Each structure stands twice: as C-alpha cells, then as structure tokens.
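An overview of the molecular structure
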Amino acid sequence: MNRESLRAALVVSGGLAVATLLPAESLPWLAGFSPRSLLALLMLILGLQALGQLALEKLGPQLGLALAGLVSGLVSSTATIASMGRSARKNGELESACAAGAVMSTAATWLQALLMLALLAPDAAISFAPAAMAGAAVALGLGAWLTRRQGLRGRANPRGKRAPLQLREALLVTGLLVLVAVLVRLAQQRFGSQGLYGAIALAGLGDAHAPVASLAALEASAQITLDQVRHGVILAIACNSLTRSLVALSTGGWPFARWVMAALAGSALLAAAVLLA
C-alpha cells in the first residue's frame, strides 16, 4: 500500500470512528441529518472515491473499459460517460468498448443510491433494494453484451491518475447534499407531496445522489413515508438520466449515446416496474 492509499484508509477509518462519538439525533438546521450520519456520509463518499481511483491505478491497462466504467461510476457516472464519449469519438474502433464502460457506470448510480439509503435510512434501503438491483442488472447486462460485441479489451484509463482521496471534492459534494436537503425539505413543508417531488426532479437534473440523501434524511426523521422515498429516488435518477443522455450525445455522438440512453431508460423503467409490482 503506497502513501496515498494509506492516507486514504486512515482518514476514512478515523472519520468513521469519530462518527460513532457524535450525536445521532436529527437536527432541523441540518435538514434532518444528524451529525453522525452527515460525517458517515462524507466518509462514504471518500471511501467510494478511494475505491474507484485505487482500482483503476492498480489494474490500470489490464482493466477493460467496461469494468473501468463501473469502478469510475462510483466516483461520478456523468463524468465517466463524458470521458468515455470523448474516447469513443477519438477512437472509433473502441466505440462499443467505450459504450460498455459508460453503460456500466450507470449501474454504479443504483448501487450508490442504495448505499446512501443503507447509511441514512436502513428501512428505506431494504424497501428500495429490489428496484435498485433491477436497475443495476439492466445496465450490467447491456454493458456485458457490448463488451462481448466489441470482442477486445480497452486499454485506456478513462479518468487518468489522481490521488485516491479528494477531500475538497467530497466536502463540496456533502455541502451540496445538505443544501439540496434544505431546499427539498422547505418545498415539502410548503407545498406537500407536489413540492417534494418537484424539488426532487429539479435537483435530480443536476445530481442523482443529492436528492437521494435528502429523501433518506426526511424519512429518518419521520417526515415522509417509505413510499415517498422509493418514488422520489426513482424520480431523481430518471431526471438525472436526461442529463446524462445529453452528455453522452454531446460527447460521443448518436452511435455512442444510443446505448447509454437505452441503459438509462431501461434501468429506470424496470426499477419503476419492480417498485410498482
């Protein structure tokens, strides 16, 4: 383990240890988050960053683009899709491999959402797990098919080398989560369910996970029901899928974007069907 890896492991493990000492009660001025859950959420983001970056650095050129997309998606699916799209446009012979990586990154979105719910609202995570697994399965299946269709393994690292621990980025993401949570809570209190879902949809266009954390915090403080959490998470991911589709189209063109759009639409539809079954 190199110095950066050791630093990442120490920070995350130390943060989790400190989190157990913080109050577990939800605080109104933290939009329903408790100090313990907020620090644990920050450590989760850092841990996912470290996992993604270390896997890419360790496996590097031996890592196929499909698996690279899945791992990179733990950091940012949108950024991964953009990077894969640019690579596909520059290297036409790797179009299917890049599309496989982009599609695989969408599976990470469902896994991240489930992890956030598990951390902040375990009951909601259990309730949402079948839908999340269905959504992830669509992306994984299409990604595997595209990889086989390509018939070779990509050798490019889609994100390049970075330190495995990006504390500033994680703090910004956590701050965004709290800000979105405040706005969602205000909309829910003022306009009821319509305000809640409207705020979730708008927030989801920019980021899929900020509204997920907001919903989890509201459910944990008994302000919304499990059904509202499940429906809200599907709505947030569906709205963010529109953004990612546009990113795929603008960076990689239609031949690349059609597979990403198919994965995003298929995942959301199957997850919604499982949820309503």
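The residue numbering used here restarts from 1 in each chain and proceeds along that chain's sequence as written. In keeping with the predicted nature of the model, local features appear solely for residues at pLDDT of at least 70, side-chain atom pairs appear and are counted solely at 80 or more, and the whole-chain, interface and lining totals rest on all residues. Values shown for side chains rest on all heavy atoms present in the structure; no hydrogens or waters enter the calculation.

**A closer look at the overall build of the protein chain**
Helix and strand content of the protein chain: nine helices and zero strands. Strands here are runs of E lasting at least two residues and helices are runs of H or I lasting at least four, both read from the DSSP assignment and numbered beginning at the N terminus. Element order for the protein chain, N to C, with α for helix and β for strand: α-α-α-α-α-α-α-α-α. A sequence separation of at least 24 residues applies to 75% of the contacts in the protein chain between residues at least 6 apart. Using the Shrake-Rupley algorithm and a 1.4 Å probe, accessible areas are obtained, with residue cover drawn only from the displayed protein chains. Accessible surface, the protein chain: about 12200 Å² in total, of which carbon and sulfur atoms supply 67%. Contacts are assigned to residue pairs that have any heavy atoms within 4.5 Å of one another.

**Quick look at the environment of Leu 117**
Structurally, Leu 117 can be placed in helix H5 (residues 95–120). Taking the C-alpha atoms as reference points, Leu 117 and Ala 217, separated by 100 residues in sequence, lie 8.9 Å from one another. The residues contacting Leu 117, other than those within four sequence positions of it, are Pro 122, Ala 124, Ala 125, Phe 128, Val 212, Ala 216, Val 229 and Val 233.

**Some remarks on the nonpolar core**
Residues belong to one nonpolar core when they are buried, are Ala, Val, Leu, Ile, Met, Phe, Trp, Tyr or Cys, and are joined through side-chain atoms within 4.5 Å. In this scheme, a residue with accessible area under 20% of its type's maximum is buried, one over 50% is exposed, and one in between is partly exposed, where area comes from a 1.4 Å probe on protein chains only. One finds Leu 117, Phe 128, Val 233 and Phe 256 to be the most contacted residues of the largest nonpolar core, which totals 57 residues. Of all the elements in the fold, those that place two or more residues in this core are helix H3 (65–73), helix H4 (77–90), H5, helix H6 (122–150), helix H7 (167–206), helix H8 (209–220) and helix H9 (226–276). Looking at which element gives the most residues to this core, the answer is H9, with 15 residues.

**As for H9**
Helices are assigned an expected span. That span is 1.5 Å times one less than the residue count. Its 51 residues place the ends of H9 only 13 Å apart at the C-alpha level, less than the 75 Å of an ideal helix rising 1.5 Å per residue. The sharpest bend along H9 comes to roughly 140°, located at Gly 253, with the proline Pro 255 sitting one to four residues further on. Throughout, the bend at a residue refers to the angle made by two axes, fitted to the seven residues ending there and to the seven starting there.

**Remarks on the confidence of the model for the protein chain**
For the protein chain, per-residue confidence averages 79 on the pLDDT scale, and residues scoring 70 or more make up 69% of the total. Per-residue confidence from the predictor is reported as pLDDT, a score between 0 and 100. Within the protein chain, the lowest mean pLDDT, 61, falls on helix H1 (residues 3–19), and the highest, 94, falls on H9. In this model, residues 152–165 is a region of pLDDT below 50 whose contacts with residues beyond four sequence positions or in other chains number 40 contacts.

**Considerations on the packing of aromatic side chains**
Note on aromatic contacts: the rings of Phe and Tyr and the six-membered ring of Trp form a pair at centre separations within 6.5 Å, being stacked when their planes are under 30 degrees apart, edge-to-face when over 60 apart, and tilted otherwise. Here the structure, examined in full by the defined rule, presents two aromatic pairs. Measuring from centroid to centroid gives 5.5 Å for Trp 145 and Trp 259, while their planes differ by 50°, and the two rings are tilted. Here Trp 145, found in helix H6, pairs with Trp 259, found in helix H9; they are 114 residues apart in sequence, far enough to count as distant. Exposure remark for Trp 145: the relative accessible area of 43% places this residue in the partly exposed category.

**Regarding H3**
The periodicity of an α-helix, 3.6 residues per turn, causes residues three or four places apart in sequence to face the same way. Across the nine residues that make up H3, a large majority, seven, are buried. Restricting attention to buried positions, one finds in H3 the residues Leu 65, Ala 66, Ala 68, Gly 69, Val 71, Ser 72 and Gly 73.

**Digging into a nonpolar patch on the surface**
For patch detection, residues must exceed 30% relative accessible area and be free of salt bridges, and they are connected within 9 Å for like charges or within 5 Å for nonpolar side chains (Val, Leu, Ile, Met, Phe, Trp, Tyr). Should a side-chain nitrogen of Lys or Arg be within 4 Å of a carboxyl oxygen of Asp or Glu, the pair is scored as a salt bridge. Nonpolar side chains collect at one region of the surface, where Leu 179, Val 182, Leu 183 and Leu 186 lie side by side and expose about 350 Å² of accessible area between them. By secondary structure assignment, the location of Leu 183 is in helix H7.

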